[in-house]
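Observations on the three-dimensional arrangement
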Amino acid sequence: MEKTFAIIKPDAVERNLIGKILERIESKGFRIVAMKRVLLTLPVAQGFYHVHKERPFFKDLTEYMCTGPVVLLVFEKDGAIKAWRELMGATNPADADAGTIRKDFAIDLEKNSVHGSDAPDTAAFEISYFFSQTEISS
Ligand code: CMP
């Protein structure tokens, strides 16, 4: 079963949207296999988003991710990586399709409510960045 990694970002946690987002995940047939709510530190956010470190939005993005608690998740289903990206919608909510999480909940490109891994290698890195094997149970 394919696993993917997700973050419910500070803007969504702050607006009490954890339950609504988890309901969408479970109702699409994903099984949540690991979950925790944490306040990221700047070094941890910078390490997580290291692939973007040369991008102009890196400083704002990493500082934003530390403005409030986030929920870290691992969930699985067949084709989980692609299915979760479809359920999230486009990175910029202005471009997201109707019925996607970002279309319905996101505020803007930075406060876009959720993150998801974009490929198997990034999913493996992102899962192991935050979770040990003993914290993941199918
Ligand atoms: P996420 O899926 O978490 O991956 C990187 C994040 O950078 C992205 O969602 C956006 O929230 C944020 N971001 C800010 N500006 C941009 C941009 N110009 N292009 C892509 N991502 C951006």
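Check the entry above for the structure.
Now for a quick tour of the structure. Everything numeric here is computed off the predicted structure, so don't read it as measured data.

**A look at the layout of surface pockets**
- Of the volumes computed, that of the largest pocket is approximately 570 Å³.
- Around the largest pocket, the lining comprises 23 residues; the ones closest to its centre are Y49, H52, F57, T91 and H115.
- Every element with two or more residues in the lining of the largest pocket is listed here: α4 (58-64), α5 (80-88), β4 (114-116) and α7 (120-130).
- Counting residues per element, the lining of the largest pocket draws most heavily on α7, which supplies three residues.
- Taken together, the residues of the lining of the largest pocket break down into eight nonpolar, eight polar and seven charged.

**What about the site of the ligand?**
- Near the ligand, the surroundings consist of K9, Y49, H52, F57, L61, T91, R102, L109, E110, N112 and H115.
- At a separation of 2.7 Å, an oxygen atom of the ligand approaches a polar side-chain atom of K9.
- Interatomic distance of 3.3 Å between a side-chain N/O atom of N112 and an oxygen atom of the ligand.
- In isolation the ligand has 460 Å² of accessible area, and contact with the protein removes 78% of it.
- A majority-of-atoms criterion places the ligand in the largest pocket.
- Grouping the constituent residues of the shell around the ligand by class yields four nonpolar, four polar and three charged.

**A word on the nonpolar core**
- I8, I21, I25, F30, L73 and W84 are the most contacted members of the largest nonpolar core, which totals 20 residues.
- Looking at this core, the elements that each hand over two or more residues are β1 (3-8), α1 (10-14), α2 (18-27), β3 (70-76), α5 and α6 (101-105).
- It is α5 that provides the largest number of residues to this core, a total of five residues.
- Ignoring sequence-local partners within four residues, the contact set of I21 consists of I8, A12, I101, F105 and V114.
- If you look at the next biggest cluster of nonpolar residues, it comprises 19 residues, including I7, A45, V70 and F130.

**Considerations on α7**
- Among the residues of α7, those classed as buried are A123, E126, I127 and F130. One side of α7 carries all its buried residues, which in axial view fall inside an arc of 100 degrees. Pointing more than 90 degrees away from the buried face of α7 are the exposed residues D121 and S128.
- Looking at the buried positions of α7, the neighbouring elements they touch are β1, β2 (31-38), α3 (42-48), β3, α5 and β4.

**Some thoughts on the environment of A34**
- You can see A34 is positioned in strand β2.
- Between the C-alpha atoms of A34 and S137, which are 103 residues apart in sequence, the distance is 6.8 Å.
- The contact partners of A34, leaving out residues within four places of it in the chain, are L72, L73, V74, F131, E135 and I136.

**Some thoughts on the pattern of salt bridges**
- Taken as a whole and judged by the stated rule, the model has seven salt bridges.
- Ionic pairing is found between K3 and E76, a salt bridge with its closest N-O pair at 3.1 Å. On the criterion of sequence distance, the pair formed by K3 in strand β1 and E76 in strand β3 is long-range, its members being 73 residues apart.
- The class of K3 is partly exposed, set by a relative accessible area of 28%.
- One salt bridge in this structure joins E110 and K111, with 3.8 Å as the shortest N-O distance.
- The exposure class of E110 is partly exposed, given its relative accessible area of 28%.

Conventions we followed
- Just so you know, the residues in each chain are numbered from 1, in the order the chain's sequence is written.
- Only residues with pLDDT of 70 or above have their local features reported here, since the model is predicted, and side-chain atom pairs are shown and tallied only from 80 upward, although totals for entire chains, interfaces and linings are computed over all residues.
- Excluding hydrogens and water, the side-chain figures rest on all heavy atoms present in the structure.
- Of the grid points, spaced at 1 Å and generated over the protein atoms alone, those admitting a 1.4 Å probe that cannot get out make up cavities, while open sets with protein on both sides within 12 Å along at least five of seven lines make up pockets; any residue with an atom within 4 Å of a point is treated as lining.
- Grid points are joined across faces, edges and corners, and a volume is the space filled by probe spheres set on the points.
- Secondary structure elements are taken from DSSP: a helix is a run of H or I of four residues or more, a strand is a run of E of two residues or more, and numbering for both begins at the N terminus.
- In this count, Pro and Cys sit with the nonpolar residues alongside Ala, Val, Leu, Ile, Met, Phe, Trp and Tyr, while Asp, Glu, Lys and Arg are called charged and the others, Gly among them, polar.
- We define proximity as follows: a residue is near a molecule or strand when any one of its heavy atoms falls within 4 Å of that partner.
- Polar contacts, as used here, are pairs of N or O atoms within 3.5 Å; protein pairs need one atom able to donate a hydrogen and one able to accept it. Residues neighboring in sequence count only if both atoms are side-chain atoms.
- Each accessible area is a Shrake-Rupley estimate made with a 1.4 Å probe; only the visible protein chains count as cover when residues are assessed.
- Here the criterion for a molecule occupying a pocket or cavity is that more than half of its atoms lie within 2 Å of the pocket grid points.
- Nonpolar cores were defined as sets of buried Ala, Val, Leu, Ile, Met, Phe, Trp, Tyr and Cys residues, with membership established by side-chain atoms within 4.5 Å.
- Burial here depends on accessible area, computed with a 1.4 Å probe over protein chains only, as a share of the maximum for the residue type. Under 20% is buried, over 50% is exposed, and the range in between is partly exposed.
- Contacts: residue pairs with any heavy atoms within 4.5 Å of one another.
- Throughout, the arc means the angular range of directions from the helix axis out to the C-beta atoms.
- Salt bridges are defined by distance alone: a side-chain nitrogen of Lys or Arg within 4 Å of a carboxyl oxygen of Asp or Glu.

That's the geometry; what it means functionally is another story.
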